[in-house]
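This is what each chain is made of:
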Amino acid sequence: MSMQTIGRPTRPETNAVAAAAPEGAKGLLQYEPLIFELGGWSKTGVDLPDVAADVADDLGDLVRTAPIGLPGLSEPETLRHYVRLSQKNHAIDLALYPLGSCTMKHNPRLNEKLARLPGFIDIHPLQPQSSVQGAIELMDRLSHWLTTLTGMPAVALPPKAGAHGELCGLLAIRAAHEARGDARKRVLVPTSAHGTNPATAAFAGYTVEEIAQTTDGRVDLADLEAKLGPDVAAIMVTNPNTCGLFERDVVEIARLTHAAGAYFYCDGANFNAIVGKVRPGDLGVDAMHINLHKTFSTPHGGGGPGAGPVVLSAALAPFAPEPWIVHDQNGYRLIEGREGVAAQAFGRLSAFHGQMGMFVRAYAYMLSHGADGLRQVAEDAVLNANYIKARLGDLMSPAFPDGPCMHEALFDDAWLEGTGVTTLDFAKAMIDAGFHPMTMYFPLVVHGAMLIEPTETESKAELDRFCDTLRVLALDALSAKDDPAALERFKAAPVAAPLRRLDETQAARKPRLKWTQPAAPAPLAAE
Amino acid sequence: MRYLPLTPDDRAQMLGVIGAADIDALFVDTPASARLKGPVDLPLHQGELEVELELAGLAARNRPAGAGPFFCGAGAYRHHVPASVDHIIQRSEFLTSYTPYQPEIAQGTLQYLFEFQTQVAALTGMDVANASMYDGSTACAEAVMMAARVTRRTKAVLSGGLHPHYAATTHTLAHVAGVQTLRLTPRIDAEAGVIAAIDADTACVVVQTPNVFGQVTDVTAIAQAAHAAGALLIVVTTEAVSLGLLKSPGEMGADIAVAEGQSIGNGLNFGGPYVGLFAVREKLVRQMPGRLCGETVDAEGRRGFVLTLSTREQHIRRDKATSNICTNSGLCSLAFTIHMSLLGEAGLRKLALINHAKAKRLKAALETVPGVEVLTQRFFNELAVRLPMDATEAVERLAAHGILAGVPYSRLDPDAGMNDVLLMAATETTQDGEIDILPRVLTQMLEARA
């Protein structure tokens, strides 16, 4: 065809075959090599003033002489590299991201802006406290919000993530027992717990024993009572739990625990379901971490940074780690060692004062929502999860069909029986349909678990789009019983993602954990 | 409520689909006695403008490092971060994604983690690095726990040059695991005294270079002594830029290298979030804490990346895991790797040289002040300085004149009897003029006091 087509609507030639890009680029998606295959040893994207070549002569043989092996890129190349990489990621800003127990909610950009104010981002943790009064006051106000929302008397801000918060709580518990000369050995953890709970208990020097679960997805009180004893230091119970259910017997759990002289550690990963509705302090909890990156929406950032402040009961508060925040007529002060009111602090959890950058974001989030908005957050999170459960419950099998769920809807794989389609296959097929899969195979107590947490920041339209999509997929999965082609589609998925399924077995068998220079040809262009 | 998309109509419709009379019907499992009847006693929701005003008011009551002469270091350093770094880390696909549990739609994160691991391994001179820890201090503590596991021994020798907060963080973790920490006396050349403390029970020796006093040490002989005793050598670096100039931990025989990566790509942030670097020799890989990203292929044979060796981790191994860590410092490691890609080897070396040149200028300036003694002999960009007065008092007095002169060592280690020692750092952000005014200001202060 020779017609001039400039400026006209285009239309694919019927017999045209798309020419495959040599390196697999398609549409807007670019193939992108590693920086080690792109950059040059002498190239740099940072202009620095010249410096005398002999300036480090005083260091003699302390100076490294061999090449380090770090390629550099100019600024335009750098932008392209990372923008191309970014386009291979799913993100909350793109579509619903229903990872159960991860709470992938909207991250307000106001919070990003405020965390970058020079008065927050450009202050040193060890500059004179008189020069950072606003920062310490922010930490104090954040503490006030956290203690008020949880109904607990004290909070330790230092922990840097949820698991670090668990460690903080257990170390406070350990210190409290030791202060009474009552060293205890065991920590009880339900079978449905997140892996960090038993790992933390072991890290804190305890042996871990599991508590059974009832058929309705809660802690088995009889088993708890049987296992409690004079050597139990604490129980660690997630509430709402990892099945997305509220522990109805939580007050009784606390009573039994306290009667045995143990403390009740609550994993607060799912506090977003009850914030503003129920206060853990009214339930008998002694310590609970709060993932600021979940309930209070600090960005997940591809795997952190998080922040895990721990609220503490009056019995545990004296053992909170340093630094402590105090306020008197002279202003705000951080107590950085075991002195004064902090004489019984169990020690230090990290070098400085915690995740200040996350405190600013979380505080801005709290102020934006206010006491009324935070209550609405919990209600909408729970409403959205129950809506999903209601809309999918007839096709897929809810793990606990009776009664409402909290902020996440849990399905098992019973509905897939006989289809040949597994939870993994179904999750990968969701990718082809434009959604991030739910959390798979967790909690471990539910077979083939699919844990869907929509969060409160999804609109009804997006929830409907999600449910409509999953219904189509579910029907397709059910048809695989007698349709080999349907089964094949699930086994092959994803086909529309930047990559197909990855060989994780090979990755673990022969780990390649960094780029190494191939023998030949040399990967770096001559400059 | 600008962050909540549901309308009252939506909510009513959805309750209808669920078959619930009202929202309280969904909270029926919570104890009735504990249900709050209305909002807790805190302010109600506010608009962007009001929130911005409140936080700007708090920020205004802090004195930013960039507002004038600034010489604080001691584990956190002010460096210039290129504008493109902050732009990239705010892209939705990086900022609002999570741990790459579904590798097919997380290759962006996985590839930068693989690049990050490669850069950290190169920088530290080690075989393998993980995908980051919370910060340098927790990385140090985890390294000691790992060494105790590997050697099945229960004593850790900590150099007196180790940042006291790193020592304290390590003690917190080690103590409950039954690992004894022996912290040696702090002094400028503390690393020199470490070998004598190694014995047959020693799991590891922890040294820092440049140490908390800024002193740079070749720890090769310590590595040899540790290895001869069957112990591991852990080398700590709190100023990552120094690795662009100085011999790497790997070159000197480290078995585990840990570092604070904040200096590359990340702001001071009043102490966090930062990014811990953690690198080991090949044979120790399966004892490492934290996430590891590895290369593999997809179903069509194309190169791709996944999280791997997860049987070390809490979500598989539970109470037998190598660590309880889950979320780490993803976005901070992205900032690190972008800044490092911009710098490249050439830029990093030059940056390190400039830092050293600034510190030499600082040393020369301080040595002109009567009564002031620079204690650190071999330094990178930080000096321990003895003042003829209490260092805390000096810092407060100078702060009143708009100068943040450094960190009194006694703030980190109150019982060391070094109340007159001030830690002072200079970086590429330190202006020559800010250094040049110091002798006059210090002299005036000391004279006014006398």
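Bear in mind that the values here come from a model prediction, so they are computed numbers and not experimental data. (Residues numbered from 1 in each chain as written. Chains lettered and ligands numbered in written order. Predicted model: local features only at pLDDT ≥ 70, side-chain atom pairs only at ≥ 80, totals over all residues. Heavy atoms only, no water.)

Asks: Teacher, can you tell me more about the overall build of chain A here?
Replies: Counting its secondary structure elements, chain A contains 14 helices and 13 strands. Taken along the three principal axes of its C-alpha coordinates, chain A extends 90 × 75 × 45 Å. Taken over 527 residues, chain A has a buried fraction of 63%. In chain A, the proportion of contacts linking residues at least 24 apart, taken out of those at least 6 apart, comes to 70%. Carbon and sulfur atoms make up 54% of the accessible area of chain A, which totals about 18600 Å². Computed over 46 positive and 61 negative side-chain charges, the inter-centroid distance for chain A is 3 Å. (Helix = DSSP H or I, 4+ residues; strand = E, 2+ residues; numbered from the N terminus. Buried < 20%, exposed > 50% of the residue type's maximum accessible area, 1.4 Å probe, protein only. Contact = heavy atoms within 4.5 Å. Areas by Shrake-Rupley, 256 points an atom, 1.4 Å probe, with all protein chains shown as cover. Lys, Arg positive; Asp, Glu negative; His and termini not counted. Charge placed at Lys NZ, Arg CZ, Asp CG, Glu CD.)

Asks: I'm lost on the overall build of chain B in this one. Help?
Replies: When helices and strands are counted, chain B shows 14 helices and 13 strands. The C-alpha atoms of chain B give a radius of gyration of 25 Å, which matches the 22 Å a tight globule of 450 residues would have. Across its three principal directions, the C-alpha atoms of chain B cover 80 × 55 × 50 Å. Pairs at least 24 residues apart make up 71% of the contacts formed inside chain B by residues separated by at least 6 positions. Both charge centroids of chain B, one from 37 positive and one from 47 negative side chains, sit 5 Å from each other. (Rg over C-alpha atoms; globule rule 2.2 N^0.38 Å.)

Asks: Please clarify how the interface of chain A and chain B should be interpreted in this entry.
Replies: Taken residue by residue, the interface counts 208 residues in chain A and 190 residues in chain B. Linking chain A with chain B are 17 salt bridges, by the criterion used here. At the junction of chain A and chain B, the tally comes to 107 residue pairs in polar contact (both at pLDDT 80 or more). At 26 residues, helix H10 (residues 356-392) of chain A tops the list of elements feeding residues into the side of chain A that touches chain B. Among the residues making up the side of chain A that touches chain B, the classes are represented as 107 nonpolar, 57 polar and 44 charged. (Salt bridge = Lys/Arg side-chain N within 4 Å of Asp/Glu carboxyl O. Polar contact = N/O pair within 3.5 Å; in protein donor to acceptor, adjacent residues only side chain to side chain. Nonpolar A, V, L, I, M, F, W, Y, C, P; charged D, E, K, R; others polar.)

Asks: Quick question: what am I supposed to make of the domain arrangement of chain A here?
Replies: Where interface size is given, it is often the accessible area lost as the parts come together that is meant. Taken domain by domain, chain A comprises domain 1 (22-44 + 70-88 + 503-527) and domain 2 (111-366). Using C-alpha coordinates to define each centre, domain 1 of chain A is positioned 41 Å away from domain 2 of chain A. (Domains from an automatic or database assignment.)

Asks: For this particular structure, what's the right way to read the layout of surface pockets?
Replies: It is a probe the size of a water molecule, rolled over the atoms, that shows where empty space is left. Considering only enclosed or pocket space, the second largest pocket measures out at about 930 Å³ in volume. Lining the second largest pocket we find 34 residues, and of these A:Glu336, A:Gly337, B:Arg411, B:Leu412 and B:Pro414 sit closest to its centre. Residue contributions to the lining of the second largest pocket peak at six residues, all from helix H7 (residues 164-176) of chain B. Across the lining of the second largest pocket, the residue classes break down as twelve nonpolar, eleven polar and eleven charged. (1 Å grid on protein atoms, 1.4 Å probe; cavity = no way out; pocket = protein on both sides within 12 Å on 5 of 7 lines; lining within 4 Å. Points joined across faces, edges and corners; volume = space filled by probe spheres on them.)

Asks: Honestly, helix H14 (residues 438-449) of chain B in this entry has me stumped. Any pointers?
Replies: Think of an α-helix as 3.6 residues a turn; residues three or four steps apart then line up on the same face. Helix length check: H14(B), at twelve residues, gives a terminal C-alpha distance of 16 Å against a target of 16 Å (1.5 Å per residue), a fit within 8%. Listed as buried for H14(B) are B:Leu438, B:Pro439, B:Val441, B:Leu442, B:Met445 and B:Leu446. (Expected span 1.5 Å × (residues − 1).)

Asks: So what exactly am I meant to see when it comes to empty space enclosed by the protein here?
Replies: Enumeration according to the criterion identifies nine cavities of 30 Å³ or more in this entry. What the largest cavity holds in volume is close to 110 Å³. Considering the residues around the largest cavity, the lining is formed by 13 residues, among which A:His164, A:Leu167, A:Leu349, B:Thr138 and B:Leu173 are closest to the centre. If you list the elements that add at least two residues to the lining of the largest cavity, you get helix H6 (162-179) of chain A together with helix H6 (136-151) and H7 of chain B. Of the residues belonging to the lining of the largest cavity, the class tally is seven nonpolar, five polar and one charged. Its volume calculated, the second largest cavity comes out at about 70 Å³. In terms of lining residues, the second largest cavity is bounded by A:Gly302, A:Gly303, B:Thr99, B:Pro100, B:Leu113, B:Ala131, B:Arg291, B:Leu307, B:Cys326, B:Asn328 and B:Gly330. Looking at side-chain class alone, the lining of the second largest cavity contains five nonpolar, five polar and one charged residues.

Asks: Got a minute to help me understand the packing of aromatic side chains in this structure?
Replies: Working definition: an aromatic ring pair is given by the centre-to-centre distance plus the angle between the planes. Residues and elements named next belong to chain A. If you walk through the whole model with that rule in mind, you get eleven aromatic pairs over all chains. With 6.2 Å between their ring centres and 75° between their planes, Phe296 and Tyr365 make a pair best called edge-to-face. Of this pair, Phe296 sits in the loop between strand E6 (287-289) and strand E7 (310-312) while Tyr365 sits in helix H10; the two residues are 69 residues apart in sequence, bridging distant segments of the chain. By relative accessible area, Phe296 is classed as buried at 0%. Residue Tyr365 is classed as buried on the basis of its relative accessible area, which comes to 2%. (Phe/Tyr/Trp six-rings, centres within 6.5 Å; stacked < 30°, edge-to-face > 60°.)

Asks: How should the pattern of salt bridges be read in this particular structure?
Replies: Side chains that differ in sign of charge can pair as their charged atoms come close. All names here are of chain A. One pass over the full model with this rule turns up 61 salt bridges over all chains. A salt bridge links Glu32 to Arg84, with the nearest nitrogen and oxygen atoms 3.1 Å apart. With a gap of 52 residues between them, Glu32 in the segment before helix H1 (35-38) and Arg84 in helix H2 (residues 75-86) connect regions that are remote in the sequence. Look at Glu32 and you get buried, because its relative accessible area is 5%. Here Asp476 ties to Arg489 by a salt bridge, and the two come within 2.8 Å at their closest N and O atoms. With Asp476 in helix H12 (residues 460-479) and Arg489 in helix H13 (residues 484-492), this pair connects stretches of sequence that are 13 residues apart. Overall, Arg489 belongs to the partly exposed group, its relative accessible area being 45%.

Asks: Sorry, what's going on with the environment of A:Ser459 here?
Replies: Residue and element names in this part refer to chain A. Relative to the helices and strands, Ser459 resides in the loop between strand E13 (450-452) and H12. By relative accessible area, which is 24% here, Ser459 ends up partly exposed. Considering only alpha carbons, one finds Ser459 and Ile253, 206 residues apart in sequence, at a separation of 36 Å. Separated by 3.1 Å, the side chain of Ser459 and the backbone nitrogen of Glu462 make a polar contact.

Asks: Which parts of the structure should I look at to understand the packing of H10(A) against helix H1 (residues 8-18) of chain B?
Replies: Axes are the key here: two packed helices are described by the angle between their axes and the distance separating the axes. Where H10(A) meets H1(B), the axes come as close as 9 Å, and the angle between the chain directions of the two elements is 45°. In this view, H10(A) runs oblique relative to H1(B), as classed from their interaxial angle. With respect to the hand of their crossing, H10(A) and H1(B) are arranged in left-handed fashion. Contacts from A:Gln376, A:Asp380, A:Leu383, A:Asn384, A:Asn386, A:Tyr387, A:Ala390 and A:Arg391 in H10(A) reach B:Arg11, B:Met14, B:Leu15, B:Val17 and B:Ile18 in H1(B). For the contact of H10(A) with H1(B), a count of residues per class yields seven nonpolar, three polar and three charged. (Axes fitted to C-alpha atoms, helices over the stretch in contact; angles between N-to-C directions. Parallel < 35°, antiparallel > 145°, perpendicular 65-115°, else oblique. Left-handed = near helix turned anticlockwise from the far one by under 90°.)

Asks: Help me out: how do you make sense of the packing of H6(B) against H7(B) in this one?
Replies: All names here are of chain B. Interhelical geometry of H6 versus H7 gives an angle of 45° and a closest axis separation of 8 Å. On the basis of the axis angle, H6 is oblique to H7. The two elements H6 and H7 meet at a crossing, and its hand is right-handed. Along the contact surface, H6 presents Gly136, Ser137, Thr138, Cys140, Ala141, Glu142, Val144 and Met145, while H7 presents Tyr166, Thr169, Thr170, Leu173 and Ala174.

Asks: Would you mind showing me how to read the side chain of B:Thr96 here?
Replies: Mapped onto the elements of the fold, B:Thr96 is located in the loop between helix H4 (92-95) and helix H5 (107-124). Excluding residues within four positions of it along the chain, B:Thr96 makes contact with A:Ala91, A:Ile92, A:Asp93, A:Tyr97, A:Met104, A:Asn107 and A:Arg109.

Asks: Where do I start with the sheet that holds strand E2 (residues 186-190) of chain A in this structure?
Replies: Backbone hydrogen bonds hold the strands of a sheet together, and the pairing may be parallel or antiparallel. All names here are of chain A. Strand order in the open sheet formed by seven strands is E1-E7-E6-E5-E4-E2-E3, with mixed pairing between adjacent strands. What marks the edges here is a single partner per strand, and that holds for strand E1 (154-156) and strand E3 (207-211). When the angles between neighbouring strand axes are averaged without regard to direction, this sheet yields 25°. Pairing between E6 and E7: three bridges, direction antiparallel. Bridge assignment links Met288 to a residue of E7, and that residue is Val311. Contacting strand E4 (232-238) and strand E5 (263-267), helix H9 (residues 250-259) runs over the sheet at an angle of about 140° to E5. (Pairing = 2+ DSSP bridges.)

Asks: Is there a simple way to explain the environment of A:Val208 in this structure?
Replies: Mapped onto the elements of the fold, A:Val208 is located in strand E3. Under the relative-accessibility criterion, A:Val208 is labelled partly exposed at 22%. The spatial distance from the C-alpha of A:Val208 to the C-alpha of A:Phe246 is 23 Å, given a sequence separation of 38 residues. Residue contacts for A:Val208: discarding those within four places in its chain leaves A:Val187, A:Val189, A:Pro198, A:Ala201, A:Ala202 and B:Asp319.

Asks: I would appreciate a short explanation of the domain arrangement of chain B in the present structure.
Replies: Residues and elements named next belong to chain B. Once the domains are mapped, chain B shows domain 1 (67-80 + 345-449) and domain 2 (83-339). The distance between the C-alpha centroids of domain 1 and domain 2 comes to 28 Å. Counting residues at the interface gives 32 residues for domain 1, matched by 27 residues for domain 2. Taking both sides of the interface into account, the surface hidden between domain 1 and domain 2 amounts to around 2400 Å²; carbon and sulfur atoms contribute 64%. Here domain 1 and domain 2 share one salt bridge between them. One salt bridge connects Arg183 with Asp413, and the closest N-O pair in it is separated by 2.8 Å. The interface formed by domain 1 and domain 2 holds eleven residue pairs in polar contact (both at pLDDT 80 or more) in total. For the side of domain 1 that touches domain 2, the secondary structure elements donating two or more residues are helix H10 (330-366), strand E11 (382-386) and helix H12 (409-412). (Buried area = accessible area lost by both parts, 1.4 Å probe.)

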